[in-house]
Amino acid sequence: MCGSCAMMVNGVPRWTCRTHISTIAPLRNLPVIKDLVVDMDPFFDKWIAAEGVHHGRLSRHDSIPAVDETTNERTEANDAIECINCAVCYAACDTVASDDAVSGDGGCVSCHSMGSCTAYCPVELNPMLAIAKLKRVTTKRFFGGKQ
Amino acid sequence: MFAMRLYMAQRITALLMAPLVIGHLAVMIYAVQDGLSTAEILSRTQGSVLWFLFYGTFVLAASVHGAIGLRTVIREWLNVSGALLEIVAIFIAVMLFTLGARAVWAVTFA
């Protein structure tokens, strides 16, 4: 699957398919299974815990709903729609490195906006901005607001 | 969630301190114009409910804010967790508050 080739290349998280390699190591912040292979479960488990998951409400008998590309929610989703789940952002994150060493229960509020995720994203997405938006939503919810 | 409460407490105390820091700096620059003596400071602060509330709030906010920040630094850089981390954080908060509160009390109502 495209996106599974991410490793530490020349000391930084990169796609091995797109990088001239001098040194190579398994992707950081994930448990190594063997050699260059890492277990990506912790990455996806956190993703699911953060509700980055689709809850289908329709069955095959319903008609396909039209997507309105002009709504706010849809425009916001556009920012991250090119993500191929390669975990380069996760490997680049120094907060994950130190947080996981302890307990890693902080969620989006433990992000220090250091921006390595955004700096190393191979498709030039902005996970740091996405996390900032998550913090905003979380803060509003803390004060009892919706969304 | 505990992490969320700490996050919010740190943000709220930061919001609280922003105008206090500006006020503190502005008064400092204004007050120091003709040189500054202990007697001059005390003549303004002693018995003043306003300065007591101003710096009292400041000390309270700073001890909460600083302790949460240092707790994160200690947690992430020294890999300390569990009860020890909370004890250290509470100690820092109490220590900051005690030092600050003593100073505020000394220049206002002592």
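The structure under discussion appears in the preceding block.
Residues numbered from 1 in each chain as written. Chains lettered and ligands numbered in written order. Predicted model: local features only at pLDDT ≥ 70, side-chain atom pairs only at ≥ 80, totals over all residues. Heavy atoms only, no water.

## Overview of the pairing of strand E2 (residues 12–15) of chain A
Residues and elements named next belong to chain A. What you see with E2 is a clean split: Pro13 and Trp15 sit on the buried side and Val12 and Arg14 on the side with no burial. Pairing geometry for strand E1 (residues 6–9) and E2, over 4 bridges, is antiparallel. The partner of Val9 across the bridge, within E2, is Val12. The turn joining E1 and E2, which pair antiparallel and follow one another in sequence, is formed by 2 residues; a positive phi near 50 degrees is taken by Asn10. (Buried < 20%, exposed > 50% of the residue type's maximum accessible area, 1.4 Å probe, protein only. Helix = DSSP H or I, 4+ residues; strand = E, 2+ residues; numbered from the N terminus. Pairing = 2+ DSSP bridges.)

## Some details on the packing of helix H6 (residues 127–142) of chain A against helix H1 (residues 2–31) of chain B
Interaxial distance between H6(A) and H1(B) falls to 11 Å at its minimum, and their mutual angle equals 90 degrees. Accordingly, the angle class assigned to the pair H6(A) and H1(B) is roughly perpendicular. Counting all contacts with H6(A), which are made through A:Lys135, A:Thr138, A:Thr139 and A:Phe142, the residues of H1(B) involved are B:Met4, B:Arg5, B:Tyr7 and B:Met8. Looking at side-chain class alone, the contact of H6(A) with H1(B) contains 4 nonpolar, 2 polar and 2 charged residues. (Axes fitted to C-alpha atoms, helices over the stretch in contact; angles between N-to-C directions. Parallel < 35°, antiparallel > 145°, perpendicular 65-115°, else oblique. Contact = heavy atoms within 4.5 Å. Nonpolar A, V, L, I, M, F, W, Y, C, P; charged D, E, K, R; others polar.)

## Comments concerning the packing of H1(B) against helix H3 (residues 49–78) of chain B
All names here are of chain B. Two elements in contact, H1 and H3, have axes separated by 8 Å at closest approach and are oriented at 135 degrees. Between H1 and H3, the angle is such that the two are oblique. Like other packed secondary-structure pairs, H1 and H3 cross with a definite hand, here left-handed. Class assignment for the residues of the contact of H1 with H3 results in 17 nonpolar, 7 polar and 1 charged. (Left-handed = near helix turned anticlockwise from the far one by under 90°.)

## Examining the interface of chain A and chain B
One frequently used descriptor of interface size is the decrease in accessible area upon assembly of the parts. The interface is formed by 17 residues belonging to chain A together with 13 residues belonging to chain B. Summed over both partners, the interface of chain A with chain B comes to about 1200 Å²; 66% of that surface belongs to carbon and sulfur atoms. At the surface where chain A touches chain B, the tally comes to 0 salt bridges. Across the chain A-chain B interface, the total number found is 2 residue pairs in polar contact (both at pLDDT 80 or more). Every element with two or more residues in the side of chain A that touches chain B is listed here: helix H4 (94–102) and H6 of chain A. Ranked by residues supplied to the side of chain A that touches chain B, first place goes to H4(A) with 5 residues. For the side of chain A that touches chain B, the class distribution of residues is 5 nonpolar, 9 polar and 3 charged. (Buried area = accessible area lost by both parts, 1.4 Å probe. Salt bridge = Lys/Arg side-chain N within 4 Å of Asp/Glu carboxyl O. Polar contact = N/O pair within 3.5 Å; in protein donor to acceptor, adjacent residues only side chain to side chain.)

## Comments concerning the pattern of salt bridges
All names here are of chain A. One pass over the full model with this rule turns up 5 salt bridges over all chains. As a salt-bridge pair, Asp94 and Arg28 come within 2.9 Å of each other at their nearest N and O atoms. Highlighted residues: Asp94 in helix H4 and Arg28 in the loop between strand E3 (24–25) and strand E4 (32–34), separated in sequence by 66 residues. Two residues, Lys133 and Glu76, come together in a salt bridge whose shortest N-O distance is 3.4 Å.

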